[in-house]
Amino acid sequence: MDEPLSGAGLRPQLTFFFPAFNEEENVESTVARAVSEIGPLVESLEVLIVDDGSTDRTPQLADALADADPRVRVLHQPNRGYGGALRAGFEHAAGELICFSDGDLQFDLSEMSLLLERLRATDRPVDGVIGYRKRRRDPVHRIFIAKTYNAIVSLLFGLRVRDIDCAMKLFRREIFAGLPLDAEGPFLSAELLIKLRARGVRMAQVGVTHFPRAAGTNTGASFGKILRTLGDIGRLRWALWFDRRQALGPRPAPGPAEGG
């Protein structure tokens with residue numbers, strides 16, 4: 001992770017990033033909320049917009065936001081899909097802490113305070129905090145797909161997580177050292193958690209609020225993406241059985257005794 005640093009060569013305390021694919025209706029509000037709601041929680045903030053090959057006005061709006069505020073940065077890339085956008089965010093985030101959400105305004109960004117509070121707790125130290133939607137406000141068919149997906153991943157990988165794809169996650173920067181991430185599609189969130197657990201990274205879970213999507217179009221849960229995800233599941237399961245060291249990458253130095 002050799003991305004540019006902020007200010008006089010110092011990293012911001014926290015990078016908040018979000019994928020943006022054709023989010024012209026939401027990108028300005030998401031950045032404004034990140035600055036106003038997450039900014040006061042940390043000493044220094046970077047907001048990174050990952051423009052994933054948008055074909056609407058998202059790239060122009062994002063560039064204007066970056067021109068107007070030095071805390072905002074934009075990464076433009078060809079469309080790689082949701083997982084590819086997340087990978088780019090992790091790779092280019094400059095902060096000592098890295099968190100992300102979606103750019104569709106379905107999460108209360110002020111609740112990043114809950115994740116930060118848990119990460120800073122010293123009685124049960126962790127290196128990552130992942131949210132789970134206390135009440136998922138999505139169409140019934142998407143909730144059914146999500147529950148089925150969670151069950152499959154739990155069965156195949158032993159991942160005990162309440163809400164794998166909840167887009168409220170916070171990590172210490174160092175947990176990404178040497179961590180290979182391969183999925184370009186929706187499986188990236190699960191791949192990340194599976195590999196972190198396998199490497200012994202300590203994580204906690206906190207409940208967050210979820211809202212119905214108010215603007216823009218949800219592009220998830222298509223038949224093609226489901227097939228792609230099934231392929232990614234099979235490849236990772238095979239790799240962890242037969243090439244585990246390569247799949248997990250070099251392990252980071254051990255930290256204090258696990259908690260949380």
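These notes cover the structure that comes with them. Starting from 1, residues in each chain are numbered consecutively following that chain's sequence as written. Side-chain atom pairs in this predicted model are given and counted only at pLDDT of 80 or more, local residue features only at pLDDT of at least 70, and totals for whole chains, interfaces and linings cover all residues. Each side-chain value is derived from all of the structure's non-hydrogen atoms; neither hydrogens nor water enter the calculation.

1. Points about the nonpolar core
Burial of nonpolar side chains together is a common tendency in soluble globular proteins.
Right, on to step 1. Counting 74 residues, the largest nonpolar core has L14, F16, I49, F90 and F171 as its most contacted members.
Right, on to step 2. Top element by residues in this core is helix 6 (residues 188-198). It accounts for seven residues.
Right, on to step 3. In this view, I49 contacts F18, A20, V27, V31, A62, L65, V72, R73, V74 and L75; residues no more than four positions away in its chain are not counted. The criterion is simple. A nonpolar core is a set of buried Ala, Val, Leu, Ile, Met, Phe, Trp, Tyr and Cys residues joined through side-chain atoms within 4.5 Å. Partly exposed describes any residue whose relative accessible area lies between the buried limit of under 20% and the exposed limit of over 50%, with all areas from a 1.4 Å probe on protein chains only and scaled to the type maximum. Numbered from the N terminus, helices here are DSSP runs of H or I no shorter than four residues, and strands are runs of E no shorter than two. Note on definitions: a residue-residue contact is assigned when non-hydrogen atoms from the two residues lie within 4.5 Å.

2. Topic: the pattern of salt bridges
Right, on to step 1. A pair is scored as a salt bridge if a Lys or Arg side-chain nitrogen falls within 4 Å of a carboxyl oxygen belonging to Asp or Glu. One pass over the structure, following the stated rule, counts 14 salt bridges.
Right, on to step 2. R73 is paired through a salt bridge with E46; the nearest N and O atoms lie 2.7 Å apart. Taken together, the residues R73 in strand 3 (residues 72-77) and E46 in strand 2 (residues 45-52) connect sequence positions 27 residues apart.
Right, on to step 3. Accessibility expressed as a relative area gives 8% for E46, which makes it buried.
Right, on to step 4. Here D163 and R133 are joined by a salt bridge, their closest N and O atoms 2.7 Å apart. Here D163 is found in the loop between helix 5 (140-157) and strand 6 (169-172), whereas its partner R133 is found in strand 5 (residues 128-133), with 30 residues between them in sequence.
Right, on to step 5. Its relative accessible area of 9% is what places D163 among the buried residues.

3. So, the sheet that holds strand 6
Note: strands within a sheet are paired through backbone hydrogen bonds, in either parallel or antiparallel orientation.
Right, on to step 1. Strand pairing follows a simple DSSP-based rule, namely that at least 2 bridges must link the two strands. If you trace the seven strands from one edge of the open sheet to the other, you get 3-2-1-4-6-5-7, paired in mixed fashion. Strand pairing shows two members of the sheet lacking a second neighbour, strand 3 and strand 7 (203-208), which therefore form its edges. Strand-to-strand twist across the sheet, computed as the mean angle between neighbouring axes with direction ignored, equals 20°.
Right, on to step 2. Where strand 1 (residues 14-20) and strand 2 come together, seven bridges link them in parallel fashion. Each bridged residue has a counterpart across the sheet, and for P19 the counterpart in strand 2 is V50. Every axis in this analysis is a line fitted to C-alpha atoms, fitted for helices over the stretch in contact. Angles between the N-to-C directions lie between 0 and 180 degrees.

4. Some remarks on helix 3 (residues 81-92)
Right, on to step 1. Taking 1.5 Å as the rise per residue, helix 3 with twelve residues should run 16 Å; its terminal C-alpha atoms sit 17 Å apart, in good agreement.
Right, on to step 2. Taking burial as the measure, the twelve residues of helix 3 include nine buried ones, the bulk of the element.
Right, on to step 3. Those residues of helix 3 that sit buried are G81, G83, G84, A85, L86, R87, A88, G89 and F90.
Right, on to step 4. Structurally, helix 3 contributes buried residues whose contacts are with strand 1, strand 2, strand 3, strand 4 (97-100), strand 6 and helix 6. Expected helix span is computed as 1.5 Å times (number of residues minus one).

5. Things to note about empty space enclosed by the protein
Right, on to step 1. Put plainly, a pocket is an open set of points on a 1 Å grid over the protein atoms alone with protein on both sides within 12 Å along at least five of seven lines, a cavity is a set where a 1.4 Å probe fits but cannot get out, and a lining residue has an atom within 4 Å of a point. Grid points are joined across faces, edges and corners, and a volume is the space filled by probe spheres set on the points. In total, this model carries one cavity of 30 Å³ or more according to the counting rule given.
Right, on to step 2. Reported here for the largest cavity is a volume of approximately 40 Å³.
Right, on to step 3. If you go around the largest cavity, the residues you meet are T30, R33, S101, D102, L105, F107 and L109.
Right, on to step 4. The residue makeup of the lining of the largest cavity, split by class, is three nonpolar, two polar and two charged. The residue classification treats Ala, Val, Leu, Ile, Met, Phe, Trp, Tyr, Cys and Pro as nonpolar and Asp, Glu, Lys and Arg as charged. All others, Gly included, are polar.

6. Some remarks on the packing of helix 3 against helix 6
Right, on to step 1. As a packed pair, helix 3 and helix 6 sit with axes 9 Å apart at the nearest point and diverge in direction by 50°. Considered as vectors, helix 3 and helix 6 are oriented oblique to each other. Along its contact with helix 3, which presents Y82, G83, L86, R87 and F90, the element helix 6 presents L188, S189 and L192. If an angle is under 35 degrees, it is roughly parallel; if it is over 145, roughly antiparallel; if it lies from 65 to 115, roughly perpendicular; otherwise it is oblique.

7. Quick word on the packing of helix 5 against helix 7 (residues 223-242)
Right, on to step 1. Closest axis-to-axis distance for the helix 5/helix 7 pair is 11 Å, and the angle between their directions is 10°. The angle between the axes of helix 5 and helix 7 places the two elements in the roughly parallel class. The interaxial crossing formed by helix 5 with helix 7 has right-handed handedness. Together, I145, Y149, I152, V153, L156 and F157 of helix 5 and I226, T229, I233, L236, R237 and L240 of helix 7 make up the contact between the two elements.
Right, on to step 2. Grouping the amino acids of the contact of helix 5 with helix 7 by side-chain chemistry returns ten nonpolar, one polar and one charged. Helix crossings get a hand from a simple test, with the near helix turned counterclockwise from the far one by less than a right angle marking a left-handed crossing and a clockwise turn marking a right-handed one.

8. A closer look at the environment of Q77
Right, on to step 1. Along the chain, Q77 falls in strand 3.
Right, on to step 2. In this structure, the C-alpha to C-alpha distance between Q77 and D52, residues 25 residues apart in sequence, is 5.4 Å.
Right, on to step 3. Polar contacts, as counted here, are pairs of nitrogen or oxygen atoms within 3.5 Å of one another; within protein the pair requires one atom able to donate a hydrogen and one able to accept it, and residues that are adjacent in sequence qualify only if both atoms are side-chain atoms. At 2.8 Å, the side chain of Q77 forms a polar contact with the side chain of D52.

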